[in-house]
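# Coordinates in review
One letter stands for each residue in the lines below.
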Amino acid sequence: MLRVDVLVSCPVYLVGLYQVLHNTGIAIVSVRTTPTEEPSWLADIAILDADALPPTDTLHTITRTARTTPVLILLSDWSLPTHQYLQAGATNAINKRETADNLINAIRTVTTGNPTTPHTHTTPTPQQPHQPNPNLSEREEQVLHHISHGLTHGQIATRLGISPHTVDTYVKRIRAKLGAGNKAELTRAALLSRLTTPTTDKVA
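Structural notes, computed from the coordinates.

About the cut-offs
- Residues numbered from 1 in each chain as written.
- Predicted model: local features only at pLDDT ≥ 70, side-chain atom pairs only at ≥ 80, totals over all residues.
- Heavy atoms only, no water.
- Helix = DSSP H or I, 4+ residues; strand = E, 2+ residues; numbered from the N terminus.
- Expected span 1.5 Å × (residues − 1).
- Buried < 20%, exposed > 50% of the residue type's maximum accessible area, 1.4 Å probe, protein only.
- Axes fitted to C-alpha atoms, helices over the stretch in contact; angles between N-to-C directions.
- Parallel < 35°, antiparallel > 145°, perpendicular 65-115°, else oblique.
- Left-handed = near helix turned anticlockwise from the far one by under 90°.
- Contact = heavy atoms within 4.5 Å.
- Nonpolar A, V, L, I, M, F, W, Y, C, P; charged D, E, K, R; others polar.
- Polar contact = N/O pair within 3.5 Å; in protein donor to acceptor, adjacent residues only side chain to side chain.
- Right-handed = clockwise from strand over helix to strand, strands pointing away.
- Pairing = 2+ DSSP bridges.
- Salt bridge = Lys/Arg side-chain N within 4 Å of Asp/Glu carboxyl O.

## Describing helix H4 (residues 100-112)
Across its 13 residues, H4 extends 19 Å between first and last C-alpha, which sits within 8% of the 18 Å expected from 1.5 Å per residue. Buried residues of H4: Ala-100, Leu-103, Ile-104, Ala-106, Ile-107, Thr-109 and Val-110, and no others.

## Regarding the packing of helix H1 (residues 11-23) against H4
Taken N-terminus to C-terminus, the directions of H1 and H4 make an angle of 70°; their axes are 11 Å apart at the nearest point. Classified by the angle between their axes, H1 and H4 sit roughly perpendicular to one another. Considering only the axes of H1 and H4, their crossing is right-handed. Contacts from Leu-17, Val-20 and Leu-21 in H1 reach Ala-100, Leu-103, Ile-104 and Ile-107 in H4. Per-class residue counts for the contact of H1 with H4 are 7 nonpolar, no polar and no charged.

## Regarding the side chain of Arg-32
With respect to the helices, strands and loops of the structure, Arg-32 is situated in strand S2 (residues 27-32). Owing to a relative accessible area of 4%, Arg-32 belongs among the buried residues under this scheme. Within the local environment of Arg-32, its side chain forms a polar contact with the side chain of Asp-5, the two groups lying 2.7 Å apart. Every residue in contact with Arg-32, bar those within four places of it in the chain, is listed here: Asp-5, Val-6, Leu-7, Val-8, Glu-37, Glu-38, Pro-39 and Leu-48.

## So, the side chain of Ser-76
With respect to the helices, strands and loops of the structure, Ser-76 is situated in the loop between strand S4 (71-75) and helix H3 (82-88). Polar contacts involving the side chain of Ser-76 include one to the side chain of Asp-51, which spans 2.9 Å. Residues contacting Ser-76, with those up to four places away along its chain left out, are Asp-51 and Lys-96.

## Some points on the pairing of S4
Of all the 5 residues making up S4, 5 are buried; the element is thus mostly covered by neighbouring parts of the structure. With burial as the criterion, each face of S4 is covered, one bearing Val-71, Ile-73 and Leu-75 and the other bearing Leu-72 and Leu-74. For the handedness criterion, the β-α-β arrangement of strand S3 (residues 45-49), helix H2 (residues 58-66) and S4 is classed as right-handed. With 4 bridges connecting them, S4 and strand S5 (residues 92-95) associate as parallel partners. Paired with Leu-75 across the two strands is Asn-95, which belongs to S5. The parallel pair S4 and S5, bridged by H3, forms a crossover whose chirality is right-handed.

## Observations concerning the pattern of salt bridges
When the charged atoms of two side chains with opposite charge come close together, those side chains can pair. Tallied over the full model, the rule gives 5 salt bridges. Between Asp-51 and Lys-96 there is a salt bridge; the shortest N-O distance is 3.0 Å. Taken as a pair, Asp-51 in the loop between S3 and H2 and Lys-96 in the loop between S5 and H4 lie far apart in primary sequence, 45 residues in all. One continuous salt-bridge network, built from bridges that share partners, spans Asp-49, Asp-51 and Lys-96.

## As for the sheet that holds S4
Ordered in space as S2-S1-S3-S4-S5, the 5 strands form an open sheet in which the pairing is parallel. Here the strands that pair on one side only, and so sit at the sheet edges, are S2 and S5. Across the sheet, the axes of successive neighbouring strands diverge by a mean angle of 20°, strand direction being ignored. Relative to S2, strand S1 (residues 3-7) runs parallel, the two being bridged by 5 bridges. Considered in S2, the bridge of Val-4 is made with Ile-28.

## What to know about the environment of Ala-88
Looking at the element boundaries, Ala-88 is found in helix H3. With relative accessibility at 11%, the residue Ala-88 sits in the buried group. Taking the C-alpha atoms as reference, Ala-88 lies 7.1 Å from His-60; in sequence the two are 28 residues apart. Filtering out sequence-adjacent residues up to four positions away, Ala-88 remains in contact with Leu-59, Ile-62 and Thr-63.

Listed below in structure tokens is the structure:
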């Protein structure tokens with residue numbers, strides 16, 4: 001059984017990540033929310049969220065971790081260029097918007113010591129448009145995207161320029177369409193459906 005040490009700053013994303021790994025038989029032996037916490041020596045791989053790394057010490061943190069444990073970096077649109085993480089010692093990198101299957105493949109690739117081309121997908125270009133879930137409207141995708149990144153209903157309302165009551169209504173619709181009973185299940189649905197891809201904040 002693979003054992004992973006996880007550093008992720010977003011608690012909601014962490015819930016979804018835990019479920020994806022657990023369902024695949026991968027054990028999380030340590031969960032950290034700040035890089036100052038010591039990683040577990042039991043781990044076969046360290047999964048580091050680039051957004052959780054200190055801005056002024058990002059690459060050094062990766063180098064220090066990679067001395068004892070292979071490192072997989074979780075990328076976002078605000079991350080450094082991938083090659084900088086690899087030069088610092090990371091074995092591979094993958095965008096957090098990738099599918100659960102690609103994430104698991106990236107983890108297994110790191111532990112084999114035979115890294116492939118990093119799974120670094122940027123925001124889709126006009127030639128490669130984002131394909132939304134056919135069951136959700138564009139606005140519902142936006143709400144689910146923000147939920148998966150840890151925003152409260154009030155914060156989502158402010159971000160989208162709508163009322164909290166309207167956000168509640170969208171959340172009820174999303175849960176009904178996806179069969180999700182709580183926020184953790186919504187997050188898992190977002191991970192598995194790649195609905196964490198940022199969308200423009202305009203009414204569907």
